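Breakdown of the fold
These are the residues of each chain, in order.
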Amino acid sequence: MRSDEPRGLPRRSFVRAAVAIGGTSALSACLETERDRLGGENSAQTTSDESEPTFPRGDLDAVPAGQHRWGASLVRDSHGNTVPPQQLVAVGMTYEGSVPPTDDERARVEDALRLLERAFQWGTGGNAGAPFHRGLLFMLGYAPRYFDQVGSVPDGLATPESVLEAVGEDPAKADGYDAVLILTSDIGSVLLAAEAALFGEVDELNGLPVESTFEGVFSKAGRHVGYVGKGLPADKLDNEDVPEDAPLSMGYKSGFRDNLPSEDRVTIDEGPMAGGTTIASSTLRIDLDRWYDQGQEERTAEMFCPAHDPDDIGDTGDKLGGDSGVTESDAENVDAHAEEYGRVGHTQKVARARDDDFEARILRRTEGVADTVRDGAAFQFNSIQETMADFVETRKTMDPDEYDHDVPAEDHGIDDYLETLRRGSYLAPPREKRALPVI
Ligand code: HEM
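Think of each chain on its own: its residues are numbered from 1, step by step along the sequence as written. Totals for whole chains, interfaces and linings use all residues, but because this is a predicted model, local features are given only for residues with pLDDT of at least 70 and pairs of side-chain atoms are given and counted only at 80 or more.

**Some words on the site of the ligand**
- Lining the immediate environment of the ligand, one finds 25 residues, of which Y252, S254, N259, V350 and A351 sit closest.
- Helix numbers and strand numbers start at the N terminus; a helix is a DSSP run of H or I with at least 4 residues, a strand a run of E with at least 2. At the level of secondary structure, the elements contributing two or more residues to the shell around the ligand comprise strand 9 (277-286), helix 13 (346-350), strand 12 (377-385) and helix 14 (388-396).
- If one sorts the elements of the shell around the ligand by residue count, helix 13 sits on top with 3 residues.
- Residue composition of the shell around the ligand, by class: 16 nonpolar, 7 polar and 2 charged. Each residue gets a C-beta atom placed from its backbone. If that atom is within 6 Å of a molecule or strand, the residue is near it. Ten residue types, Ala, Val, Leu, Ile, Met, Phe, Trp, Tyr, Cys and Pro, are classed as nonpolar, four, Asp, Glu, Lys and Arg, as charged, and the remainder, Gly among them, as polar.

Right, dumping it as structure tokens:
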């Protein structure tokens with residue numbers, strides 16, 4: 001057996017399988033695979049209780065004040081678009097600490113999170129031009145049910161049940177978690193090691209001793225894993241229709257310079273949680289068979305806008321460069337397009353929810369394919385926005401019932417191909433308040 005192809009799986013598939021499985025044996029196998037390939041040079045000094053790091057260490061002073069401020073530490077493509085890290089895990093957690101939380105519990109959570117920041121660099125480490133994320137990016141968000149237990153719920157954070165109801169879905173699909181921790185990296189073992197350290201499953205993290213964990217404060221209640229990146233869905237999914245180069249399972253890249261809002265736009269600007277953001281987190285099932293029953297032209301029209309020339313978009317959105325091509329007039333003309341083309345596009349519809357400056361209100365950079373559901377692929381969708389109302393307003397524009405024209409649901413963007421399996425709403429406080437906040 002070659003060390004980079006354990007159990008006969010190709011190396012990339014192996015790492016993704018390990019991230020999906022989780023736990024310490026997956027971690028050691030994954031580390032073995034990635035150490036030589038991705039570890040590399042590291043100038044960190046070690047002391048007596050530390051050992052040599054495998055991956056570059058982080059610097060606490062270099063981590064931004066907003067947990068969601070990842071932009072300066074994300075890889076950029078040649079058009080300046082942000083490229084999301086390939087591996088993603090959203091860990092759902094139950095709060096097991098005191099009500100209200102004690103100073104000691106708060107210190108334990110903060111120390112555990114700081115260890116992640118000391119052990120691994122923040123994303124690319126701020127290295128413009130970095131080809132991949134050798135470090136970790138993460139954010140910890142709290143659900144209304146946590147805030148309700150320990151004090152009061154901050155403005156702007158709606159319950160997941162009310163979000164589901166507002167978008168016409170079953171409230172029973174609401175997450176029961178008290179908190180969610182979203183972790184991403186291009187390196188599976190960085191992500192798995194960070195998770196294992198937080199839950200007390202390893203003694204050291206990239207050579208640093210693990211002295212504080214979430215144990216007794218949070219227990220793990222669920223794990224939602226996704227991956228994204230050119231070629232990965234075709235490689236991994238059992239569906240021959242997915243284009244070879246597509247970064248996501250529906251075939252197109254997602255997230256262009258023009259339609260991802262700035263981090264300031266999605267930051268809470270007043271009140272006790274100023275500097276934080278809200279997280280909409282969901283797992284969706286995608287009916288890929290039905291989606292690919294349609295030709296390339298139909299799919300392109302339904303994903304973007306039927307008035308656009310599919311040749312300008314390209315097979316995977318690759319021809320668009322740094323701009324989705326969707327304009328104010330595309331957003332305003334959905335009815336006219338419905339009449340003219342008999343179909344309307346997802347992107348032009350959601351662009352209707354942009355603000356007065358025609359800036360999108362939700363920031364999507366933690367999306368990924370998951371293959372753990374019945375009948376095809378799932379999708380991990382995690383967006384950040386100032387308030388959950390921004391998410392609800394945006395999500396509602398996808399619903400065919402919100403429109404007066406009578407385009408059939410299957411030709412109305414992508415809504416009809418998606419089924420919500422779970423949905424949660426969380427608030428990620430600013431970094432200085434991220435450990436067991438109380439309002
Ligand atoms: C499987 C699920 C989904 C896929 C594959 C998908 C894919 C895409 C693609 C390819 C685009 C155009 C390119 C770009 O990102 O700029 C887009 C735009 C967008 N999508 Fe989705 N999407 C999905 C679900 C959602 C959901 C659930 C929402 C939530 C409301 C959403 C909100 C948006 C927004 C806000 C834009 C940008 C619109 C603008 O230009 O203002 N998407 N999506």
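There's more to say after this.
**Here we look at the environment of K396**
- With respect to the secondary-structure elements, K396 resides in helix 14.
- Whether a residue is buried, exposed or partly exposed is read from the other C-beta atoms within 10 Å of its own C-beta, which are placed from the backbone; 20 or more gives buried, 12 or fewer gives exposed, and intermediate counts give partly exposed. Note on K396: 17 C-beta atoms within 10 Å, which makes it partly exposed.
- K396 sits 57 residues away from E339 along the chain, and the two C-alpha atoms are 21 Å apart.

**Considering the nonpolar core**
- The term nonpolar core refers to a group of buried residues, namely Ala, Val, Leu, Ile, Met, Phe, Trp, Tyr and Cys, whose C-beta atoms join them within 7 Å. Residues A179, V180, A194 and I286 are the most contacted members of the largest nonpolar core, which totals 109 residues.
- By residue number, the principal contributor to this core is helix 6 (residues 188-198), which donates 8 residues.

**Notes on the pairing of strand 12**
- Where burial is concerned, most of strand 12 is hidden: 9 out of the 9 residues are buried.
- Alternating residues of strand 12 divide into A377, F379, F381, S383 and Q385 and A378, Q380, N382 and I384, and every residue in both groups is buried.
- Of the pairings in the sheet, the one linking strand 9 to strand 12 comprises 9 bridges and is antiparallel in character. Looking at strand 12, one finds that I286 is bridged to A377.
- Strands are treated as partners if at least two bridges between them are detected by DSSP. Sheet analysis places strand 11 (residues 368-370) next to strand 12, joined by 3 bridges and oriented antiparallel. Note that in strand 12 the partner of G368 across the bridge is Q380.

**Some details on helix 12 (residues 334-341)**
- Those residues of helix 12 that sit buried are V334, H337 and A338. The buried residues of helix 12 all sit within an arc of 105° when viewed along its axis, so they share a single face. Turned more than 90 degrees away from the buried face of helix 12 sit E339 and E340, all of them exposed.
- One or two positions beyond helix 12, positive phi appears at G342, with a value near 75°. Taken from the helix axis, the directions to the C-beta atoms give the arc we talk about.

**Examining the pairing of strand 5 (residues 179-185)**
- Burial analysis of strand 5 places 7 of its 7 residues in the buried class, which makes it a mostly covered element.
- Every second residue of strand 5 is oriented toward a common face, with A179, L181, L183 and S185 on one face and V180, I182 and T184 on the other, all of them buried.
- Bridging between strand 3 (residues 87-95) and strand 5 involves 7 bridges; their strand directions are antiparallel. Paired with M93 across the bridge in strand 5 is A179.
- Bridge count between strand 4 (residues 137-142) and strand 5: 6 bridges; the pairing is antiparallel.

Worth remembering: the numbers are spatial, not functional.
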